[in-house]
Amino acid sequence: MKTRIKYFVAIITSVVLGLSSRTFSGLIPHFIAKHAGDVLWASMVYFGFRFLFIQRSLKWALIISVLFSFAIECSQLYQAEWIIEIRNTVIGSLILGRGYLTVDLFRYVIGITIAFWIDKLWLQRDKRI
């Protein structure tokens, strides 16, 4: 249970930092403001899979997180009216995004990789002792 709490805290931290990177984009360097939201969204996805599937390996979480994130990004190529309406809501936009960008795939890989290493080196620390 203690490990699941760590993942929950990591999810909340990713969400707060991600939303803050958008809200306070004028106060942080442009490069960070431009890329941080997607990087943090992907890290939240990774920590979410670890929270839900705690018995699975870190490698499994990394792979499934990349596949999920890529699927969400590719789904943005689908432009039916009903899904556009969902994407035009705040929560729909945060979860599904608004439009396909190839650069987002790189941002997702970076965010998931960072989350994986945080998990391996910090969150898994107690298991190594």
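Our subject is the structure listed above.
Residues numbered from 1 in each chain as written. Predicted model: local features only at pLDDT ≥ 70, side-chain atom pairs only at ≥ 80, totals over all residues. Heavy atoms only, no water.

(A) Representation of the overall build of the chain within the structure. Helix and strand counts for the chain come out as 7 helices and 0 strands. Listing every helix and strand of the chain by position from the N terminus yields α-α-α-α-α-α-α. In summary, the chain has a C-alpha radius of gyration of 15 Å against a globular reference of 14 Å for 129 residues, a match within 12%. In terms of principal-axis extent, the alpha carbons of the chain reach across some 50 × 35 × 25 Å. Per-residue burial for the chain yields a buried fraction of 39% across its 129 residues. At a minimum sequence separation of 6, the contacts of the chain that also span at least 24 residues come to 64%. (Helix = DSSP H or I, 4+ residues; strand = E, 2+ residues; numbered from the N terminus. Rg over C-alpha atoms; globule rule 2.2 N^0.38 Å. Buried < 20%, exposed > 50% of the residue type's maximum accessible area, 1.4 Å probe, protein only. Contact = heavy atoms within 4.5 Å.)

(B) Here's a closer look at the nonpolar core. Residues Tyr7, Trp41, Ala42, Tyr46, Phe47, Tyr108 and Ile112 are the most contacted members of the largest nonpolar core, which totals 23 residues. Listed by contribution, the elements that provide at least two residues to this core are helix 1 (2-23), helix 2 (30-52), helix 3 (58-75) and helix 6 (102-123). With sequence-adjacent residues up to four places away left out, Phe47 is seen in contact with Tyr7, Ala10, Ile11, Ser14, Ala115, Ile118 and Leu123. (Core = buried A, V, L, I, M, F, W, Y, C linked by side-chain atoms within 4.5 Å.)

(C) Seen up close, a nonpolar patch on the surface. Together, Val15, Leu19, Val90, Ile91, Leu94 and Ile95 line one region of the surface with nonpolar side chains, adding up to about 540 Å² of accessible area. Those elements giving two or more residues to the nonpolar patch turn out to be helix 1 and helix 5 (90-96). The element that contributes the greatest number of residues to the nonpolar patch is helix 5, accounting for 4 residues. Positionally, Ile91 belongs in helix 5. (Patch = residues over 30% accessible without salt bridge, like charges linked within 9 Å, V, L, I, M, F, W, Y side chains within 5 Å. Areas by Shrake-Rupley, 256 points an atom, 1.4 Å probe, with all protein chains shown as cover. Salt bridge = Lys/Arg side-chain N within 4 Å of Asp/Glu carboxyl O.)

(D) Spotlight on the side chain of Glu73. Turning to its location among the elements, Glu73 is positioned in helix 3. Within the buried core, Glu73 has no salt-bridge partner, and the shortest N-O distance to an opposite charge, that of Arg107, equals 7.5 Å. Excluding anything up to four places from it in sequence, Glu73 contacts Gly99, Tyr100, Leu101, Asp104, Leu105 and Tyr108. (Lys, Arg positive; Asp, Glu negative; His and termini not counted.)

(E) Region of interest: the packing of aromatic side chains. Under the counting rule described, the total for this entry stands at 11 aromatic pairs. Centroid distance Phe49 to Trp60: 6.3 Å. Interplanar angle 90 degrees. Geometry classified as edge-to-face. Here Phe49 is found in helix 2, whereas its partner Trp60 is found in helix 3, with 11 residues between them in sequence. Phe49 sits in the buried class, given a relative accessible area of 15%. According to the relative accessible area criterion, Trp60 is partly exposed, its value standing at 22%. An aromatic cluster of three or more residues is present, and its members are Trp41, Phe49, Phe53, Trp60, Phe68 and Tyr108. (Phe/Tyr/Trp six-rings, centres within 6.5 Å; stacked < 30°, edge-to-face > 60°.)

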